[in-house]
Every structure is written in structure tokens, then in C-alpha cells.
Amino acid sequence: MASDNVIEEKKQGQALLTEQKKGNSKKLFIESYGCQMNLNDSEIVASILSNEGFNTTNLLEEADLVLVNTCSIREKAEQTIRKRLQKYNAVKRINPMMKVGVLGCMAERLKEKFLEEEKIVDLVVGPDAYRDLPNLIKEVEDGRDAVNVILSKDETYGDVSPVRLNSNGVSAFVSITRGCDNMCTFCVVPFTRGRERSRDPQSIIKEIHDLVDTNYKEITLLGQNVDSYLWYGGGLKKDFKKASTIAQETAVDFSQLLEMCANQFPKTRFRFSTSNPQDMSLDVLHTMAKHKNICRYIHLPVQSGSTKVLKAMNRQHTREEYIELVDNIREIVPDCALSQDIIAGFCGETEQDHQDTLTLMEYVKYDFGFMFAYSERPGTPAAKKMPDDVPMDVKKRRLTEIIELQQKHGLYRTQQFVGKTVEVLIEGESKKSDKHWKGRNSQNTVAVFEKENYKIGDFVLVKIEDCTSATLIGTAVGYSDNN
Ligand code: 5AD
Ligand code: SF4
């Protein structure tokens, strides 16, 4: 996949009041679980509802409308959300007029069943139906349950300006594609987010313009599969071949979009996520090499180091092809950091397959990783056709081995920065000390250093003196020339 750094067990953010619209009187509490895409969708929802008289609040108890943007990627993610619904239930006893809606992947997966299973829920809205929210809310206000889970061929919300929730004012996410056509056999995303479609580059550039005008310094281009971005005037990626010759000839692919962004905003840092090995072209790597403002970091999920397991997962590459891509990255963008997603204990995974994953990790020495035990998802090809046959204790042991190896490699990577001076964009205060700033270098590694007179949003040169497996510790030695 897919979604950037999915930490679905953790709530990504609670709506903070960013911009009060005058005259707005109703209060919306919105929170997101799962990937960055969900958080960005919540910002789109907040924008759609601000035109309907809703202002966001971070106080659940005072909300007229509570929306929870949900994640289905693993069973545990869904359990977390069901527990959260119980909390809403308790609040509803104090505030009986409060309405509750579920958005996102779980809404799409469960549809009307959600209303039966969770009595607290009034509203069920899938990821492509957020424009219908004003109508659906009216239905609910009139005392009826409301459901819209229709998936779309062309919805990208390209014209909606997201209301930035919980923002640090420095880095923002901009969606460029929606949906996924890859059909990895373990993954529920193609069923919950529909077919892949790309957003008009002009609307992407306009959104970035607005962000840069309000002092944002770093933009992450987001999609389930960004490298497969293809704009040919609208429509599904899979229908590209049916488009007119002129539409095909003037199409914009991901490397061209990246080039447009890097050229038009030379002082802005760009990141992108997620990259799928089979779609990542050498053109993208050459574009990265050409532009200093495209960060040296690629999130390149591998899922498994065994070609046999990759085939069972319907990943469109072998172990050898993945290694060839990594070699190309090392050659064309030598200072590029890499991160992985890996699943331990997929159906049929043997001890030898697991060893193949460990040796692949040893070869790449990833800077970061997001690692999971396989969780069978109802309705996926794996759930339908393949027995979930690796016992839980084996899955857990393999996962621990993978995590331990990743920690070792993380430390190896951070140690390579010690003694070097890196450019860091200041994002906020360090969690551990109010005397220190934290930010990230181009490779996406977090660095902390004394605040001195620097401020949030500055690009600072930091000399790295020490490190842990995930953090660089250093001293600022001046501004970089990017300010
Ligand atoms: N079980 C475990 N992990 C999964 N992922 C996706 N589906 C599953 C599943 N059924 C992981 C993949 C993906 C990341 C976002 O979540 O590693 O890249
Ligand atoms: Fe990612 Fe594969 Fe799922 Fe698509 S189907 S979202 S590529 S894991």
C-alpha cells in the first residue's frame, strides 16, 4: 500500500478551532483514525460543513454533531472505533440532542449494518459521499437515519479548500489521488475507497499556492499510490486507454506533477506518500535528483521479502525487482532514506519466507518501518480464498523479530548523521523539553536542538552530535539559505 504511516490504533487528531466563520452557530466535533488520507478527508468535511453553519469544537460535550472518520485496515482499528462509540454513548446521555455520524472506511465496509450494530449511530457516510453531508444531516435532524456509501468514478474534492485541523502551520497534506486499483489480496482499501482516480493538477497547484501564501513550508502529496497519478481530464485510471488521443497525449503523470510543484514553489519542501514499487518510475527518481526541494525520502512498502508470499499477496513485483528498484534509488538519489511496511505471518508464510523478509531488510537497512501482524479482513481475496494459517504466537514472534531488526537499522541510519550538519524545518516544541525545538531533515528523521532565537517555520542548519534509533540530537549553527 498505501496509506502513509497508518497508526490506526491511535487517534490522529481532534478538531481544533482553526478559523471561526462568523454567523456559524452549530458545533461540529470531528476526529480521525487511521491514515493521513483520513485526516485530510476530515479537513474536507470540516470545509463542506462550515458552509452549512458548523464551526469545529474540541469539546465533545458541547457538540451538536459528532463525526468519526474510521479505519478498517486491521481488526484492531475497528475495535478501537467501536470503543470510542461507547464514549459517545455516555456523552449522549447528558446531551440527548447530539447526533453521531461515522465516515470513512468502516462506514463504507459496514454500510446500513452499522446502524443496526451500533444504536448510537445516526449517519453513515462513505469516503466519496461527503458532498451529500448537508442533505444527510437534514434527514437526521428530521428524525430519520441517513446512509450514503456510493463510491464515485470521479470525485476528488478538487474544488474544496480543506479547513486545516490541528495544524502546526508549517506542514500540510494535499491529496492528489483517491482509491486504489492494486487489489493486494490482504487489503480492504480497494473495497472501501473504490477505484483509483487522480485530481486535476491545476486544483493541486492552487491548493499549494493558498498554503504557501499562508506560510506553510512543507507539503506532502498524498495518495494510496501516488506514483500511479495520471491526469487526463478526469475519470478512472483504469479508463485511461479509452480516452481520446489528445487526452492521452497531454496527460500529466506523477513525475511531471512533482516537477511542476518543485519548479513553481522553489522555497517549499515537497514530500509524497505512498509509493508502490511497481509504479515508481525512474523519471520520478531523476526529478527528485534534479530538485533540492523534493525531500530525500521514499516510503516504499514491501510487505514481504519472499517472492512466493508477494505473489500470494498479488503484489506486482518480485523480491529481485524490489531490490533492483532500491539499487536504482541508491544510484540516482544516493542520500535518499527509505521506509517500509511489512506484514508478518501472511497466509502460507513459512519460516523460510520469514527469513527472506529479514535478509531483504538487512540488504536495504530501512530508516523507518511500519510493521504489522496479518489481520484477516472480511471480503478481501485473501479472506475468501486463503486460510489464515500462521498461528498467532508465530505471527507475534516473527513480528517481534522484524521490529527488533528495524530498530537496529534505525539506529544504524541515525548514527550516519552524527558529525554532519543537516537542514531542519522547525515544526514545534520538542515533546521532552520546552527549551528545544523539533523538526525533520530532508530524510524525514526527527531532530531536536536548543531553541535559541529560532522560530517555528525556520529552515535551520543543525550540527548533529548524538542520536537515538529515531531521533537526532544537535545544535543549530545558523539559518539555511532556504529561508
Ligand atoms: N493486515 C495487516 N496489515 C495490513 N496492511 C494492510 N492490510 C493489512 C492487513 N489485512 C498494512 C500494509 C499496508 C499498511 C498501510 O497496512 O502493510 O501497507
Ligand atoms: Fe496499498 Fe495494496 Fe491496499 Fe492498494 S490494495 S491500498 S496498494 S495495500
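Relevant structure appears above.
Every value quoted in this text rests on a predicted model; they were computed, and no experiment measured them. Residue indices follow the written sequence of each chain, beginning from 1 at its first position. Each chain is given a letter, starting from A, and each ligand a number, starting from 1, according to the order in which they appear as written. Reporting of local features is limited, given that this is a predicted model, to residues whose pLDDT is at least 70; pairs of side-chain atoms are given and counted only at 80 or more, and all residues count toward the totals for whole chains, interfaces and linings. Side-chain metrics rest on all non-hydrogen atoms present in the structure, leaving aside hydrogens and water.

Visitor: Quick rundown of the environment of Glu320? Include the residues and the values.
Guide: Counting from the N terminus, the helices are DSSP H or I runs at least four residues long and the strands are E runs at least two residues long. One can find Glu320 in helix α12 (residues 319-332). Note on exposure labels: buried denotes an accessible area under 20% of the residue type's maximum, exposed denotes more than 50%, and partly exposed covers the range between, all computed with a 1.4 Å probe on protein chains only. Accessibility expressed as a relative area gives 51% for Glu320, which makes it exposed. Taking the C-alpha atoms as reference, Glu320 lies 17 Å from Leu338; in sequence the two are 18 residues apart.

Visitor: Before we move on, can you summarise the packing of helix α13 (residues 351-364) against helix α15 (residues 392-415) with the specific residues and values?
Guide: Lines fitted to C-alpha atoms define the axes here, with helix axes fitted over just the stretch in contact, and angles between the N-to-C directions of these axes take values from 0 to 180 degrees. At a minimum axis separation of 10 Å, α13 and α15 run at an interaxial angle of 10°. By the angle between their axes, α13 is roughly parallel relative to α15. Contact residues: Glu351, His354, Thr357, Leu358, Met361, Glu362 and Val364 in α13; Val394, Arg397, Arg398, Glu401, Ile402, Leu405, Gln406, Lys408, His409 and Arg413 in α15. Under the scheme applied here, ten amino acids are nonpolar (Ala, Val, Leu, Ile, Met, Phe, Trp, Tyr, Cys and Pro), four are charged (Asp, Glu, Lys and Arg), and all others, including Gly, are polar. For the contact of α13 with α15, the residue count by class is six nonpolar, four polar and seven charged. Small angles under 35 degrees read as roughly parallel and large ones over 145 as roughly antiparallel, with 65 to 115 read as roughly perpendicular and the rest as oblique. Should any heavy atoms of two residues lie within 4.5 Å, those residues are considered in contact.

Visitor: Break down the pairing of strand β22 (residues 471-479) for me, citing the residues and quoting the values.
Guide: Pairing analysis gives four bridges linking strand β20 (residues 446-450) to β22, with the strands arranged parallel. Its bridge partner being in β22, Val446 is matched across the sheet by Thr471. Linking two consecutive strands that pair antiparallel, namely strand β21 (residues 459-467) and β22, is a turn of three residues. Two strands are said to pair when DSSP picks up at least two bridges between them.

Visitor: Can you explain the nonpolar core? Please cite residues and give values.
Guide: Counting residues in hydrophobic clusters, the biggest one holds 50 residues, and the most contacted among them are Ile208, Leu221, Phe254, Phe272, Ile298 and Leu300. The biggest single contributor to this core is α12, with six residues. In contact with Phe272, not counting residues within four places along its chain, are Thr220, Leu221, Val226, Phe254, Leu258, Met280, Val284, Met288, Ile294, Tyr297 and Ile298. Membership of the second largest hydrophobic core comes to 24 residues, among which are Ala46, Val140, Ala146 and Val163. As used in this record, nonpolar core signifies buried Ala, Val, Leu, Ile, Met, Phe, Trp, Tyr and Cys residues forming a set joined through side-chain atoms within 4.5 Å.

Visitor: Any details on helix α9 (residues 254-264)? Residues and values, ideally.
Guide: Of all the residues in α9, the buried ones are Phe254, Ser255, Leu257, Leu258, Glu259, Cys261 and Ala262. Each element contacted by the buried residues of α9 is listed here: α7 (201-213), β11 (218-222), β13 (252-253), β14 (269-273) and α10 (282-290).

Visitor: Account for the pairing of strand β2 (residues 26-33), with residues named and values stated.
Guide: A large share of β2 lies buried, amounting to six of its eight residues. Both β2 and strand β3 (residues 54-56) contribute to a ladder of three bridges, which runs parallel. Counterpart to Lys27 in the pairing with β3 is Asn55. Judged from the five bridges that link them, β2 and strand β4 (residues 65-70) form a sheet pairing that is parallel.

Distances and angles like these do not, on their own, reveal function.
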